[in-house]
Amino acid sequence: MATAIGEAERRTSGEIRVHLEDHIEEDVLVHAAFIFEELGMHRTKDRNGVLIYVSVADRKAAVIGDKGIHERVGEGFWRDVLAVMQLHFAADRASDGLCEAVRMVGEKLRDMHPYAHDDRDELSNEVSVG
Ligand code: CA
Ligand code: CA
């Protein structure tokens, strides 16, 4: 997964993170927003971090983009990414679903925040597990 994220980030200044948990009680979007903060994802220079959050046992997912991207893509894009992930999850292909989501987000980020020569890897590409 870190390889897929690194690959996507080679073409954009944006930052993608994947965070997995087993089970949650609260609303997945509310919880994912909390994790976004907790991982410090709002601290990127261009406010272009995107979190792909999955509660594995619940098969619930959320995709959250910081304001530098969210203001420009609109709700429809996040829904499309979620729909693609859910199709894979329903077929027990969780890792394919995550890779596909990373790819989709990477392409969108590339269009809006192209790679800059002075870009840094601001957020770890490793999957975090909560
Ligand atoms: Ca970067
Ligand atoms: Ca990164």
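Since we're looking at a predicted model, the values are computed, not measured. (Residues numbered from 1 in each chain as written. Chains lettered and ligands numbered in written order. Predicted model: local features only at pLDDT ≥ 70, side-chain atom pairs only at ≥ 80, totals over all residues. Heavy atoms only, no water.)

A closer look at the overall build of the chain
Broken down by element type, the chain carries five helices and four strands. Secondary structure elements of the chain, listed N to C terminal, follow the sequence α-β-α-β-β-α-α-α-β. Against the compact-globule benchmark of 14 Å for 130 residues, the chain has a radius of gyration of 13 Å, which places it among compact chains. Along the first, second and third principal axes, the C-alpha atoms of the chain reach 40 × 25 × 25 Å. Taking all 130 residues of the chain together, 45% fall into the buried category. If you take every contact in the chain between residues at least 6 apart in sequence, the share linking residues at least 24 apart comes to 69%. (Helix = DSSP H or I, 4+ residues; strand = E, 2+ residues; numbered from the N terminus. Rg over C-alpha atoms; globule rule 2.2 N^0.38 Å. Buried < 20%, exposed > 50% of the residue type's maximum accessible area, 1.4 Å probe, protein only. Contact = heavy atoms within 4.5 Å.)

Let's talk about helix α2 (residues 28-38)
Those residues of α2 not exposed but buried are V28, H31, A32, I35 and F36. Viewed along the axis of α2, the buried residues span an arc of 150°, placing them on a single side of the element. The N-capping residue of α2, defined by a side-chain oxygen 3.1 Å from the backbone nitrogen of L29, is D27. Backbone geometry just after α2 places G40 at a positive phi near 70°. (Arc of directions from axis to C-beta. Polar contact = N/O pair within 3.5 Å; in protein donor to acceptor, adjacent residues only side chain to side chain.)

Regarding the coordination of the calcium ion (ligand 1)
Surrounding the calcium ion (ligand 1) are the protein donor atoms S13 (O), E15 (OE), D119 (OD), D119 (OD) and R120 (O), which sit 2.2 to 2.9 Å from the metal. Donor residues binding the calcium ion (ligand 1) come from one chain and are separated in sequence as S-x1-E-x103-D-R. The distance between the calcium ion (ligand 1) and the calcium ion (ligand 2) comes to 5.8 Å, and E15 binds to both of them. Taking relative accessible area as the criterion, E15 reaches 0% and is therefore assigned buried. (Donors = N, O, S within 2.8 Å, 3.2 Å for Na, K, Ca; no water.)

With respect to the pairing of strand β2 (residues 49-55)
Most of β2 is tucked away: seven of the seven residues are buried. Neither face of β2 is open: one carries G49, L51, Y53 and S55, the other V50, I52 and V54, and all of them are buried. Bridge count for strand β1 (residues 15-21) against β2 is seven bridges, and the pairing is parallel. Each bridged residue has a counterpart across the sheet, and for H19 the counterpart in β2 is Y53. What joins β1 to β2 is α2, and the crossover it makes is right-handed. Across six bridges, β2 lies against strand β3 (residues 60-65) in antiparallel orientation. Note that in β3 the partner of V54 across the bridge is A61. (Pairing = 2+ DSSP bridges. Right-handed = clockwise from strand over helix to strand, strands pointing away.)

Thoughts on the coordination of the calcium ion (ligand 2)
Taken together, E9 (OE), E9 (OE), E15 (OE), D121 (OD), L123 (O) and N125 (OD1) make up the full set of protein donors to the calcium ion (ligand 2), lying 2.1 to 2.6 Å away. Every donor counted, the six donor atoms about the calcium ion (ligand 2) form angles of 52 to 172° at the centre, which fits irregular coordination. Read from N- to C-terminus, the donor residues coordinating the calcium ion (ligand 2) fall into the pattern E-x5-E-x105-D-x1-L-x1-N. What makes L123 buried here is its relative accessible area of 8%. (Tetrahedral: all angles 85-135°; square planar, octahedral: opposite > 155°, others 65-115°.)

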